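Survey of secondary and tertiary structure
Listed below are the residues making up each chain.
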Amino acid sequence: MKYFIKEKFFSIKDVFYIKDQYEQDIFKVLSKIISFGNHLRMYDNKNNEVCEIKQSVFRFLPEYNIIMGDTVVANLKSKLSVFTKKLSVSSSFGDYTIDGNVLAHDFTIYKNRRVVCTVSKTFFSLRDYYCVDINEDENPAFILSMVICIDQIYHDKRG
């Protein structure tokens, strides 16, 4: 299923709106204005918290944790790479790898070496806008939270 992530253009904090391919509001992601490292929360369309995304600070390379309920369900770590963007993901949903192009506009998310998601960011846009195509058997909230981490690592204007 396809999802579209749009970042709010004028805002002190990061605000993302996530719609499905039918243009229905699915999730909203809000960051804290004051926090030590990036700290975001994802809410469903009924305003229930789905997950929390927290940056691990004092790391040489960017690292994020995804928390659902009171449990850390994933840890994303940026890997040192010259010509591509790479992240490794250890999670309770399985081990994932994320590969992106040099400009960090196109990403592929793999689970057990099988493509489970493709992500493309629009060029020449004033705000971040992503098209995310997720396999039906994956947890969309979890995959979309990883895409938010990608944005925070490679495209966040605050950090």
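This section reports on the structure supplied with the text.

1. Describing the overall build of the protein
A count of helices and strands for the protein gives one helix and 12 strands. Taking 2.2 N^0.38 as the reference for a compact globule, 159 residues should give roughly 15 Å; the C-alpha atoms of the protein span a radius of gyration of 14 Å, in line with that estimate. Seen through its principal axes, the protein has C-alpha atoms that stretch 40 × 35 × 35 Å. When contacts within the protein are restricted to residue pairs at least 6 apart in sequence, long-range pairs at least 24 apart make up 31% of them. Total accessible area on the protein is roughly 8800 Å²; 53% of this is exposed by carbon and sulfur atoms.

2. Quick notes on the side chain of Ser-91
Its place among the elements puts Ser-91 in strand 8 (residues 85-91). From its side chain, Ser-91 meets the backbone nitrogen of Phe-93 in a polar contact 3.1 Å long. Apart from the residues within four sequence positions on either side, Ser-91 is in contact with Val-73, Ala-74, Tyr-96 and Phe-142.

3. Observations concerning the nonpolar core
Ranked by internal contacts, the top residues of the largest apolar core, which has 39 residues, are Ile-109, Val-132, Phe-142 and Met-146. No other element matches helix 1 (residues 140-154), which puts 10 residues into this core. Dropping the residues within four chain positions of it, Phe-142 is found in contact with Ile-66, Met-68, Val-73, Ala-74, Val-89, Ser-91, Phe-93 and Tyr-96.

4. Some words on unusual backbone geometry
In this model, Glu-23 sits at a positive phi of 65°, which is unusual for a non-glycine residue. Looking at the secondary structure, you find Glu-23 in the loop between strand 2 (15-20) and strand 3 (25-31). The partly exposed category is assigned to Glu-23, whose relative accessible area is 48%. One non-glycine residue with positive phi stands out, namely Asn-112, at about 55°.

5. Notes on the packing of aromatic side chains
The relation between two aromatic rings is expressed through the spacing of the ring centres and the mutual angle of the planes. Using the criterion set out here, one finds four aromatic pairs in the structure. Seen in terms of ring centroids, Phe-4 and Tyr-129 are 6.3 Å apart; in terms of plane orientation they differ by 15°. Their pairing is stacked. Linking Phe-4 in strand 1 (residues 2-7) with Tyr-129 in strand 12 (residues 129-134), this pair joins segments that are 125 residues apart in sequence. Here Tyr-129 falls in the partly exposed class, since its relative accessible area comes to 23%. Connected via pairs of aromatic rings, a cluster forms that spans Phe-93, Tyr-96 and Phe-142.

6. Notes on the sheet that holds strand 1
One closed barrel accounts for 12 strands, arranged 1-2-3-4-5-6-7-8-9-10-11-12; its pairing is antiparallel. Going from strand to strand, the sheet's axes swing by 20° on average, the running direction of each strand aside. Here five bridges tie strand 8 to strand 9 (residues 96-100), and the two strands are oriented antiparallel to one another. Paired with Ser-88 across the two strands is Thr-97, which belongs to strand 9. With respect to the sheet, helix 1 is in contact with strand 1, strand 2, strand 3, strand 4 (39-44), strand 5 (49-55), strand 6 (63-68), strand 7 (71-79), strand 8, strand 9, strand 10 (106-111), strand 11 (114-121) and strand 12, its orientation differing from that of strand 6 by roughly 155°.

7. Some thoughts on the state of the cysteines
Scanning the model with the defined rule gives zero disulfides in all. Cys-51 forms no disulfide, and the closest cysteine sulfur to it belongs to Cys-149, at a distance of 8.3 Å. Looking at Cys-117, it has no disulfide partner, and the nearest cysteine sulfur is the one in Cys-131, 9.2 Å off. Look at Cys-117 and you get buried, because its relative accessible area is 1%.

About the criteria used
- Residues numbered from 1 in each chain as written.
- Predicted model: local features only at pLDDT ≥ 70, side-chain atom pairs only at ≥ 80, totals over all residues.
- Heavy atoms only, no water.
- Helix = DSSP H or I, 4+ residues; strand = E, 2+ residues; numbered from the N terminus.
- Rg over C-alpha atoms; globule rule 2.2 N^0.38 Å.
- Contact = heavy atoms within 4.5 Å.
- Areas by Shrake-Rupley, 256 points an atom, 1.4 Å probe, with all protein chains shown as cover.
- Polar contact = N/O pair within 3.5 Å; in protein donor to acceptor, adjacent residues only side chain to side chain.
- Core = buried A, V, L, I, M, F, W, Y, C linked by side-chain atoms within 4.5 Å.
- Buried < 20%, exposed > 50% of the residue type's maximum accessible area, 1.4 Å probe, protein only.
- Phe/Tyr/Trp six-rings, centres within 6.5 Å; stacked < 30°, edge-to-face > 60°.
- Pairing = 2+ DSSP bridges.
- Axes fitted to C-alpha atoms, helices over the stretch in contact; angles between N-to-C directions.
- Disulfide = S-S within 2.5 Å.

So, to be careful, I would describe these as geometric facts and stop short of saying anything about function.
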